[in-house]
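Listed below, chain by chain, are the residues.
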Amino acid sequence: MDVKTDILIIGSGIASLQAARLLGQHFQVQIVTKSSVKMSSSYRAQGGIAAVTSPEDHTNLHIADTLAAGEFHHEKKFVETLIKDGSTIMRQFLLEGLPIDRQETGEPALGLEGAHSHHRILHAGGDRTGQILIDYLLKHLPPNISIHCNELAYELMLNSNGACIGVLTKGEEGLKRYFAHHVILATGGAGALYPSTSNYATNTGDGIALAYRAGAAISDMEFMQFHPSLLWCDGEAKGLVSEAVRGAGGIFVNAQREPIMAGVHPLLDLAPRHITAHTLYIKRASGQETFIDITSIQHFEEKFPTITKLCIDNGIDLQNGLIPVAPGSHFLMGGVIADDIGRTTIANLYAVGEVACTGVHGANRLASNSLLEGITFGQKMAQYIIQTGCNQTNFTLADAKYHQSMPPLLPKEQLQQTMMHTLGIVRNPIDMQHFAEQLPALQDLLQVNVMNFNAQHLELYMMHIVASLMVHAALTRTETRGAHIRNDTPNSDTDWARRWIIFQQGQMKVRNSLYEYHQARGNAQAIF
């Protein structure tokens, strides 16, 4: 089945819906999502939206916090765009009536989270910010937007000039070909490559694999952020316990209720995530259990209804005041290289949200900057596309370049367990090298003809592409920086400062800039 449209968006989180809300006022928009609209990291986001909305705060302070948390591995101009434009956009959302939590005076109830110097986190419904924001955006979508659920996008289509003109999907209605003037990747991250994660099981990095196969540049794949506080019951992660709990007064403790973060970092329990996650990892590796002590938080059930239900559903007695937690994969700072309006190294292909690498999160994302990114860059991308218009005239497909059969793949559970062992919070080069040798060569993976595989096998195949990108990047960066912690080199190295590991067309390069002139189909184009 062929579907022709103006704009095609793959994914249905905050970035997707924010863009669709604006694009749908001018164009026909098709949204394709792997599962359902309400099975995204955006929808289950508990923390909130970091934005400067009070006179006591300033965008320069938010910028400084972002740079410090990410250890200055940033594209600074895009950080400034995110924070400054994001503040303006969120103020407009508040004027439009976004239902955030407010004080009795009517002013926004601003929360505090790790590595933030000021209270600036906007919440909605206590810890239901993502859910309320998604529902708000869905309510405001124009009528000419079609959403197709339970369809796996498995191949980007390029025209004879190398521009992206659509995607192939598999779903309940069989094979589909979507043709569009503009194709937007908003597929989220890759947390589900790990067995313990805050992500849904569907967050397997598909968008990154799609883009890499098509020839787009990928970067920062070594930087996976681990959240320090996943609810830990019966030997597995059951869901996220938001950083906002610690912002409200919760503290990390051991089974004897002794504080864990004392003497580790000046910000104690609100230290950057790689500090808190690493500290809990060390405690648990030594055989200690770890908890958040919530006894100082009044009206916990009212402030955190989602976490309360999560705990009750898993048999946790909140009257005891201790919530058992452990670190788990949370957010991928790397992805498809894109600028602040979503443009990638392939014409007419855009990336926005967690699937994109724009340099705004550095080596470790600042808490609650992710929803701000989706809202801000989703809007800027939509405005750019509206100005550009739909002018593609070449819908002639390029000749197929995939001719190899599928190489042997690791079983999904084995891949996930190996990811946690080798690319977890602390890594060593011997284990990583062994893992890299277990995976098919990237060049071989790129050449596979995937047309006849079912959705489950296609997902596993794309997981292997993402895992390979991550392990080769982690091996190459021979230092500890932000979320990337190596036990053989426990400190940062000035030689690696502002160095980016770039993958494209089966090649890996280390560059001094995230962006550069790109050679595209024989024509030198200044993409950024």
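Calculation rules
- Residues numbered from 1 in each chain as written.
- Predicted model: local features only at pLDDT ≥ 70, side-chain atom pairs only at ≥ 80, totals over all residues.
- Heavy atoms only, no water.
- Phe/Tyr/Trp six-rings, centres within 6.5 Å; stacked < 30°, edge-to-face > 60°.
- Helix = DSSP H or I, 4+ residues; strand = E, 2+ residues; numbered from the N terminus.
- Buried < 20%, exposed > 50% of the residue type's maximum accessible area, 1.4 Å probe, protein only.
- Lys NZ or Arg CZ within 6 Å of the ring centre and 35° of its normal.
- Arc of directions from axis to C-beta.
- Contact = heavy atoms within 4.5 Å.
- Polar contact = N/O pair within 3.5 Å; in protein donor to acceptor, adjacent residues only side chain to side chain.
- Pairing = 2+ DSSP bridges.
- Axes fitted to C-alpha atoms, helices over the stretch in contact; angles between N-to-C directions.
- Salt bridge = Lys/Arg side-chain N within 4 Å of Asp/Glu carboxyl O.
- pLDDT = per-residue confidence, 0-100.
- Disulfide = S-S within 2.5 Å.

**A closer look at the packing of aromatic side chains**
Counting across every chain of the model gives five aromatic pairs. On the basis of an interplanar angle of 55° and a centroid distance of 6.0 Å, the ring pair of Phe-93 and Tyr-136 is categorised as tilted. Of this pair, Phe-93 sits in helix α3 (residues 76-96) while Tyr-136 sits in helix α4 (residues 129-139); the two residues are 43 residues apart in sequence, bridging distant segments of the chain. According to the relative accessible area criterion, Tyr-136 is buried, its value standing at 9%. The cationic tip of Arg-44 hangs over the ring face of Tyr-200; the distance from NZ or CZ to the ring centre is 3.8 Å.

**Comments concerning helix α9 (residues 305-313)**
Residues of α9 that are buried: Ile-307, Thr-308, Leu-310 and Cys-311. Taken down its axis, α9 places every buried residue within 165° of arc, on the same side. Of the exposed residues in α9, those oriented more than 90 degrees away from the buried face are Lys-309, Ile-312 and Asp-313. Contacts from the buried residues of α9 go to β12 (224-233), β13 (236-240), α6 (244-247), α8 (300-303) and β16 (322-332). Backbone geometry just after α9 places Gly-315 at a positive phi near 75°.

**A look at the side chain of Asp-57**
Examined against the element boundaries, Asp-57 turns out to sit in the loop between β4 (49-50) and α2 (59-69). Polar side-chain contacts of Asp-57 include one of 2.7 Å to the side chain of Arg-120. Not counting residues up to four positions away in its chain, the partners in contact with Asp-57 are Val-52, His-118, His-119 and Arg-120.

**Brief notes about the pairing of β13**
Where β12 lies against β13, four bridges are found, and the strand directions are antiparallel. The residue bridging Leu-230 from the neighbouring strand is Leu-240, located in β13. Counting the residues between successive antiparallel strands, the hairpin from β12 to β13 contains two residues, one of them, Asp-234, with a positive phi of roughly 55°.

**So, the sheet that holds strand β15 (residues 291-293)**
Taken together, the five strands give an open sheet; going across it, the order is β13-β12-β16-β15-β14, and neighbouring strands pair in antiparallel fashion. Each having just a single partner strand, β13 and β14 (251-253) make up the two edges of the open sheet. Between one strand axis and the next, the sheet turns by 55° as a mean value, whatever way the strands run.

**Looking at the environment of Gly-342**
Mapped onto the elements of the fold, Gly-342 is located in the loop between β17 (335-337) and β18 (349-351). When the C-alpha atoms of Gly-342 and Met-381 are compared, they prove to be 5.6 Å apart, with 39 residues separating the residues in sequence.

**Digging into the pattern of salt bridges**
Scanning the model with the defined rule gives 23 salt bridges in all. Residue Glu-173 pairs with Lys-176 through a salt bridge whose shortest N-O separation is 3.3 Å. Here Glu-236 and Lys-238 are joined by a salt bridge, their closest N and O atoms 2.7 Å apart. The class for Lys-238 is partly exposed, based on a relative accessible area of 27%. Look at the salt bridges and you will find they share partners, linking Lys-34, Asp-206, Lys-412 and Glu-459 into a network.

**So, the pairing of strand β8 (residues 164-171)**
Successive residues of a regular strand alternate their side chains across the two faces of the sheet. Burial runs high along β8: seven of the eight residues are buried. Where strand β7 (residues 151-158) hands over to β8, the hairpin turn is made up of five residues, of which Gly-162 adopts a positive phi near 90°. Where β8 lies against strand β9 (residues 174-179), six bridges are found, and the strand directions are antiparallel. Each residue of the ladder has a partner; that of Gly-166, found in β9, is Phe-179. Hairpin connection from β8 to β9: two residues lie between these consecutive antiparallel strands.

**What to know about the confidence of the model for the protein chain**
Taken over all residues, the pLDDT of the protein chain has a mean of 94, while the share at 70 or more is 98%. Residue range residues 517-528 is modelled with pLDDT below 50. Its contacts to residues more than four positions away, or to other chains, number 26 contacts.

**So, the state of the cysteines**
Disulfide: a covalent bond formed between the sulfur atoms of two cysteine residues. Inspection of every chain in the model, using the stated rule, returns zero disulfides. Sulfur of Cys-357: no disulfide; nearest cysteine sulfur belongs to Cys-164 and is 19 Å away.

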